[in-house]
Structures are given as C-alpha cells and as structure tokens.
Amino acid sequence: MDKEFVGSSQKAVVTASVVLFNTPRTQLERLFKAIFESECVKIFYIIDNSPNDAMRILQEIYSAAQTKIRYIHNANLGYGASHNLAMQEAIEQDADYHVVLNPDIYFEANVLSELIRFMDANTDAAYVLPRVEYPNGELQYLCKLLPTPADLIFRRFLPKSWGKKRDDRYCLKASGYDKVMNPPCLSGCFMFMRLSVLKEHDIFFDDGYFMYCEDFDLIRRLHRVAKTLYYPNVKIVHDHARESYKNRAMLRAHIKSAVRYFCKWGWCFDRERREMNKRCLREIGGVR
C-alpha cells in the first residue's frame, strides 16, 4: 500500500474492522456512513461470522467508495480472533493505525482525522479512546482501573446503591472525564491503535476469549509498553444494548470470559494490577 505525502510530512494509512453476527443492516449503514465520510480509512475489513454471507453484497454496493471494502465470511472464531485477522493483514499492508469497531458505533466525519493528529503528536501512545456517549448525549464511563473480581461482581449482580462508591472509583468518575488520562483499562467498543506497537511486541487479542474481556486483556498488555489514552476533545456515539444484562447466553459468555481473565492475571493477588491502578489514580490526582 502506498503512503501519500502532504508537504514534508507523511499522511497516515488507517485501516478499520468490524465483526458481524446477524447484524441489522440499518445499524451497519450508520457505521458505513461514518467511515466513508471521514475519508481517512483506506481498507475497511468486514469480518462476517453470520451463518450466511448475505452481507457480501455490501462489497458491491460500496465498490466505488474511496475506502476499499474487504469482506471476509468466516467461521465464528469469536470477537477478538476475528479482529486479529484484520489487524494482521493491516500490518502486512503497512498501515499505521487500525480501528477496531463495534457495529453499534457511529461518529462525525472529523473524528478519525482528529485522532490521527492526536496520535501523531503523542508517539508514546499505542491506543486512544475518545469521549463516548449514548445516543441521548449521556456520557459512558469507559475509563477504568484494572478490575478485581469484586468490581465486576458488585456492578453486575448487586443493587447499584450497594456498590456505588466502589464502582465510581473503578470507573474513575472523580476524574471528571474532561482531560486526557492514561488508564490501564478502557472499552473495546472503539479501539484506535498504533500498529507498530502491536507488531513490535506481538500484541493481539487473546483467541481464548470468545466474547467479552478480550479488550481488557489486550489493553492491559499494551499499557505495559506504551500509553493507553482517553481523549475527550472528540466524541463518538455508542448505541450500547448491554446484551449480557438481557440474554442468559451472553451472561454465561461474560462470566466464562471473566473467569479466564482472572485465571490468567490473578484473582486476589495481582501485583501488576495494584501497581498500574495506583499509578493511574496518582496521575489523575485527587482520586483514592
């Protein structure tokens, strides 16, 4: 893939990927509109894990777009393993940045170009998450400390009032979400990543997670070697349905992934978690 030059500076090559599983066409059209209007993405990977390849038609519908559609109908390997296919191919294509997207995301045309400028200016960062809102404009608190088992149990299974103080600390609410932060754990709904860091340190999604917690695992490993930043000056919309709160199968998948996460990193004893969380709280100031 050729890289374009503007003046004496190199224009970044950006790729993106989304994983589908019986995803509504209307939802996809919002995301496609955001991608194409941004005019930043060179290749948009659609990894379709649905039983049939009916969405292959999107490659034909958008064949004239500036962004190239790369459609992959795939066995359902899971969320992270599917995105790995796109990220590894993007590295082979010599892309600079890659964006992992949920299908329920949409944003204004300037968002990706602003994030490119931000990452170009912050070369010690491997990942950036913008401000994330619900469709009604309400802020989503997606910057987090590395979780303990109690953090996830309290917020999922107990009344909100019982664990409010713990949950507010876990989600860094006292930070105000109005400045750049470097948390060790961020949401995977929109993952803008520097591919050179992934390549150098061989950091990709752990294929052992089918769904849920794969983002926590990946960002934790990125945070070891570079900054993982929250940047509130641009925003995206996440039409989040919280499926694991409504669907028993999704809840079981969430629990299974959480068990894998804590078996991998530690349940009660996790020195790295304690040190990363302490540093994060110290950096943002005023949070205990």
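In this report, the structure presented in the accompanying data block is examined. Not measured: the values here are computed from a predicted model.

What the protein contains, in helices and strands, is 10 helices and 12 strands. In terms of overall dimensions, the protein has C-alpha extents of about 55 × 45 × 35 Å along its principal axes. When the 288 residues of the protein are sorted by exposure, 53% land in the buried category. Sequence-distant contacts in the protein: of pairs separated by 6 or more residues, those separated by 24 or more amount to 81%. Put simply, the protein shows about 14,000 Å² of open surface, and 51% of that area lies on carbon and sulfur atoms.

Next up on the list: a positive patch on the surface. On the surface, a cluster of positive charge is made up of R274, K278, R279 and R282. With respect to the secondary-structure elements, R279 resides in helix α10 (residues 271-284). Residue R279 is classed as partly exposed on the basis of its relative accessible area, which comes to 30%.

The next point concerns the packing of helix α8 (residues 214-225) against α10. It is the contact of α8 with α10, at a shortest axis distance of 12 Å, that shows an interaxial angle of 70°. Comparing their axes, α10 and α8 come out roughly perpendicular. For the pair α8 and α10, the sense of crossing is left-handed. Contacts between α8 and α10 involve R220, H223 and R224 from the former and E272, R273, M276 and R279 from the latter. For the contact of α8 with α10, the residue count by class is one nonpolar, one polar and five charged.

Let's shift gears to the nonpolar core. Formed by 93 residues in total, the largest nonpolar core has its most connected members in F44, L101, F107, F190 and F192. When sequence neighbours within four positions are dropped, the list of residues in contact with F44 reads A16, S17, V18, L31, F32, I35, T67, K68, I69, R70 and L101.

Here we come to the pairing of strand β4 (residues 41-48). By the criterion of burial, β4 is predominantly enclosed, with seven of the eight residues buried. Read from strand β3 (residues 14-20) through helix α1 (residues 25-38) to β4, the crossover connection turns out right-handed. Here six bridges tie β4 to strand β5 (residues 68-73), and the two strands are oriented parallel to one another. Bridge assignment links I46 to a residue of β5, and that residue is Y71.

The rules behind these values
- Residues numbered from 1 in each chain as written.
- Predicted model: local features only at pLDDT ≥ 70, side-chain atom pairs only at ≥ 80, totals over all residues.
- Heavy atoms only, no water.
- Helix = DSSP H or I, 4+ residues; strand = E, 2+ residues; numbered from the N terminus.
- Buried < 20%, exposed > 50% of the residue type's maximum accessible area, 1.4 Å probe, protein only.
- Contact = heavy atoms within 4.5 Å.
- Areas by Shrake-Rupley, 256 points an atom, 1.4 Å probe, with all protein chains shown as cover.
- Patch = residues over 30% accessible without salt bridge, like charges linked within 9 Å, V, L, I, M, F, W, Y side chains within 5 Å.
- Salt bridge = Lys/Arg side-chain N within 4 Å of Asp/Glu carboxyl O.
- Lys, Arg positive; Asp, Glu negative; His and termini not counted.
- Charge placed at Lys NZ, Arg CZ, Asp CG, Glu CD.
- Axes fitted to C-alpha atoms, helices over the stretch in contact; angles between N-to-C directions.
- Parallel < 35°, antiparallel > 145°, perpendicular 65-115°, else oblique.
- Left-handed = near helix turned anticlockwise from the far one by under 90°.
- Nonpolar A, V, L, I, M, F, W, Y, C, P; charged D, E, K, R; others polar.
- Core = buried A, V, L, I, M, F, W, Y, C linked by side-chain atoms within 4.5 Å.
- Right-handed = clockwise from strand over helix to strand, strands pointing away.
- Pairing = 2+ DSSP bridges.

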